[in-house]
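Reading the structure
Given next are the chains, with one letter for each unit.
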Amino acid sequence: MRTSAETSDVLVVGGGIIGLVTAWRSAQQGLSTTLADPDPGGGAAQVAAGMLAAVTELHYGEQMLLGLNVASAARYPAFVAELEEASGQETGFRACGTLSVALDSDDRAHLRELHALQQRSGLVSEWLSGRECRRLEPMLAPGVRGGLRVDGDHQVDPRRLASALVTACERAGVVLRRTWAQRLTVTGGRATGAVLADGTELAAGQVVLAGGSLSGRLQGVPEAVVPPVRPVKGQVLRLTVPPAYAPFLSRTVRAVVRGGQVYLVPRANGELVVGATSEELGWDTTVTAGGVYELLRDAHELMPGITELPLTETRAGLRPASPDNAPLLGPTALPGLLLATGHHRNGVLLTPVTGEVMAHVLTTGEVPELGRPFSPRRFAPVTGSPETSRTASPEYTTPAPLEQPV
Ligand code: GLY
């Protein structure tokens, strides 16, 4: 049974950290804001390690994304200070830096290439010998062949970040509807709200689809503007460093081992996060013996003492990946429908800048300079009409049938 419509200026569909920051910033701008999600603050942030790795996760061909990543990293200290003040909660932000190390000559060659790319990109990183790496982090394996010291790549605790954002939203007057958004409402060629799983109709001047890896599955979205987002599974482990072993690590340590990324992120409270696999398996979130084995094997090569630590949690989450690994921010070709999704490996890092870009668009209708390269329209049909089908970019794949609501 449907109940009568509730109206707000902005409806955010999806309550992960990207939806939450969008709703918080929107409400701060004086827009009446509703957010729909059965579990606000859940999702990928409950699994993510929280590295703010603008420099150490630089990849060839992602120069455009680099600018956004660096801009967001620079905003982090002020962002967490404001959020902690607004929520009365700590976020676990830690300005600890990162060390990327090489375990063999192939890894070292790879890291040397990354160092050269970082330098060409104007980023700050310092090459260290194996001995210098071990002087910084004595628990590293004796065989470490060299590394890159990146003092600007910090970390935050995504679980605390999400919790603080929920509270900040509530305090800013965001209405949290703790249920699925089932279907986008489109009236007269414009997005005008959504129908929730409980039958409630929510009307809104603007709808922001921020459903993470599920963003492509909201019913009622015209095919031409369905976000080209797919899930990329990441398995992550959590260990605990007993006080007698502390400090086990003083900064994030990462490496490429046999072509796979492994990173160890030490929290101030003794938690040690080890991640992450990268698997194209649809919406599967099974933790597998193979995934856990590979992470522990690679982490053990990097830091043999890790096998002494209690293993306290294993979990898998889904990164929302776009065809070019960059987020989709701003208006779509369907008036009234905006996207804030597709952040792939950088959702935690890009939280501050996403909130800023989305608040600007929602209040002015204009995408700020910083956000312009990330328009969802870069994957849009050649004809401007959202009623027409999409001209696929080579990597684009149509999302699965719209069965599970966001
Ligand atoms: N940014 C780390 C990961 O996605 O695994």
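Treat the numbers as computed from the prediction; the structure is a model and nothing was measured.

A short note on the UniProt feature "domain: FAD dependent oxidoreductase" (unreviewed entry) in the protein
UniProt's feature table lists "domain: FAD dependent oxidoreductase" (unreviewed entry) at residues 9–360, given in the numbering used throughout. Summarising residues 9–360: 28% helix, 29% strand, and an end-to-end C-alpha distance of 14 Å.

Remarks on the sheet that holds strand 15 (residues 271–275)
Strand pairing in a sheet is mediated by backbone hydrogen bonds. Such pairs are either parallel or antiparallel. Ordered in space as 5-6-4-13-14-15-12-16, the eight strands form an open sheet in which the pairing is mixed. Only two strands of the sheet have a single neighbouring strand rather than two, namely strand 5 (126–128) and strand 16 (311–321). The average undirected angle you get between the axes of adjacent strands in this sheet is 20°. Strands strand 4 (98–102), strand 12 (230–240), strand 13 (252–257), strand 14 (260–266), strand 15 and strand 16 of the sheet are contacted by helix 6 (residues 289–302), whose axis makes an angle of about 55° with strand 12.

Examining the confidence of the model for the protein
Chain-level statistics for the protein give a pLDDT mean of 92 and a share of 92% at 70 or above. Counted against residues more than four places away or in other chains, residues 387–406, with its pLDDT under 50, gives 51 contacts.

Quick word on the site of the ligand
By nearness alone, every residue bordering the ligand is listed as Met 51, Glu 57, Tyr 263, Ala 276, Arg 319 and Arg 345. Here an oxygen atom of the ligand sits 2.5 Å away from a polar atom, N or O, in the side chain of Tyr 263. For the ligand, whose free accessible area comes to 200 Å², the fraction covered by protein is 88%. Its residues placed into classes, the shell around the ligand shows three nonpolar, no polar and three charged.

Section: the nonpolar core
Membership of the largest hydrophobic core comes to 46 residues, with the highest contact counts inside it found for Trp 24, Tyr 76, Phe 79, Leu 83, Leu 161, Leu 165 and Val 208. Within the residue set of this core, elements represented by two or more residues are strand 1 (3–13), helix 1 (17–28), helix 2 (63–87), helix 5 (158–171), strand 18 (337–341) and helix 7 (351–364). Once residues within four sequence positions are removed from consideration, Trp 24 is found in contact with Phe 79, Glu 82, Leu 83, Ala 86, Leu 165, Ala 168, Cys 169, Ala 172 and Val 174.

Brief notes about the packing of helix 1 against helix 7
Two elements in contact, helix 1 and helix 7, have axes separated by 8 Å at closest approach and are oriented at 45°. On the basis of the axis angle, helix 1 is oblique to helix 7. The two elements helix 1 and helix 7 meet at a crossing, and its hand is right-handed. Between helix 1, through Ile 17, Ile 18, Val 21, Thr 22, Arg 25 and Ser 26, and helix 7, the contact on the second element is made entirely by Thr 351, Thr 354, Gly 355, Glu 356, Met 358, Ala 359 and Leu 362.

What to know about the environment of Thr 277
Structurally, Thr 277 is set in the loop between strand 15 and helix 6. Classification of Thr 277 as buried rests on a relative accessible area of 10%. For the pair Thr 277 and Val 207, spaced 70 residues apart in sequence, the C-alpha separation works out to 33 Å. Other than its neighbours up to four places away in sequence, Thr 277 contacts Lys 233, Gly 234, Gln 235, Gly 291, Leu 295 and Arg 319. A distance of 2.7 Å separates a polar side-chain atom of Thr 277 from the backbone nitrogen of Gln 235.

Some thoughts on the packing of helix 1 against helix 5
Following both chains from N to C, one finds helix 1 and helix 5 inclined at 30°, their axes separated by 9 Å at the closest point. Considering the angle they form, helix 1 stands roughly parallel to helix 5. Here the hand of the crossing between helix 1 and helix 5 comes out left-handed. Contact residues: helix 1 offers Ile 17, Leu 20, Val 21, Ala 23 and Trp 24, while helix 5 offers Leu 161, Ala 162, Leu 165, Val 166, Ala 168 and Cys 169. Tallied by class, the residues present in the contact of helix 1 with helix 5 amount to eleven nonpolar, no polar and no charged.

Quick look at the packing of aromatic side chains
Each pair of aromatic rings is reported with the distance of its centres and the angle of its planes. Tallied over the full model, the rule gives three aromatic pairs. Taken together, a centroid distance of 6.1 Å and an interplanar angle of 70° make the contact between Trp 24 and Phe 79 edge-to-face. Residue Trp 24 is located in helix 1, and its partner Phe 79 is located in helix 2; the two are separated by 55 residues in the primary sequence. An identical accessibility class is assigned to Trp 24 and Phe 79; each is buried. Ring plane angle 10° and centroid distance 6.0 Å describe the contact between Tyr 76 and Phe 93, whose orientation is recorded as stacked. Pair noted here: Tyr 76 is in helix 2 and Phe 93 is in the loop between helix 2 and strand 4, with a separation of 17 residues, a long-range link.

Observations concerning helix 1
Helix length check: helix 1 (twelve residues) gives 16 Å between terminal C-alpha atoms against 16 Å at 1.5 Å per residue, within 8%. Most of helix 1 is tucked away, with eleven of its twelve residues classed as buried. For helix 1, the set of buried residues is Ile 17, Ile 18, Gly 19, Leu 20, Val 21, Thr 22, Ala 23, Trp 24, Arg 25, Ser 26 and Ala 27. Note on helix 1: the residue one or two positions beyond its end, Gly 30, has a positive phi of about 90°.

Some remarks on the pattern of salt bridges
Enumeration according to the criterion identifies 21 salt bridges in this entry. Here Glu 271 and Arg 238 are joined by a salt bridge, their closest N and O atoms 3.6 Å apart. One end of the pair, Glu 271, is in strand 15; the other, Arg 238, is in strand 12, with 33 residues separating them in the sequence. You can call Glu 271 buried: its relative accessible area is 19%. Where Glu 313 meets Arg 315, a salt bridge forms, and the shortest distance between an N and an O atom there is 3.9 Å. Residue class for Glu 313 comes out partly exposed when judged on its relative accessible area of 23%. What makes Arg 315 partly exposed here is its relative accessible area of 33%. Several salt bridges converge on common partners, so that one network encompasses Glu 90, Asp 157, Arg 160, Arg 238, Arg 267 and Glu 271.

Cut-offs and rules
Residues numbered from 1 in each chain as written. Predicted model: local features only at pLDDT ≥ 70, side-chain atom pairs only at ≥ 80, totals over all residues. Heavy atoms only, no water. UniProt positions renumbered as here; feature names shortened; annotations may be inferred. Helix = DSSP H or I, 4+ residues; strand = E, 2+ residues; numbered from the N terminus. Pairing = 2+ DSSP bridges. Axes fitted to C-alpha atoms, helices over the stretch in contact; angles between N-to-C directions. Contact = heavy atoms within 4.5 Å. pLDDT = per-residue confidence, 0-100. Near = heavy atom within 4 Å. Polar contact = N/O pair within 3.5 Å; in protein donor to acceptor, adjacent residues only side chain to side chain. Areas by Shrake-Rupley, 256 points an atom, 1.4 Å probe, with all protein chains shown as cover. Nonpolar A, V, L, I, M, F, W, Y, C, P; charged D, E, K, R; others polar. Core = buried A, V, L, I, M, F, W, Y, C linked by side-chain atoms within 4.5 Å. Buried < 20%, exposed > 50% of the residue type's maximum accessible area, 1.4 Å probe, protein only. Parallel < 35°, antiparallel > 145°, perpendicular 65-115°, else oblique. Left-handed = near helix turned anticlockwise from the far one by under 90°. Phe/Tyr/Trp six-rings, centres within 6.5 Å; stacked < 30°, edge-to-face > 60°. Expected span 1.5 Å × (residues − 1). Salt bridge = Lys/Arg side-chain N within 4 Å of Asp/Glu carboxyl O.

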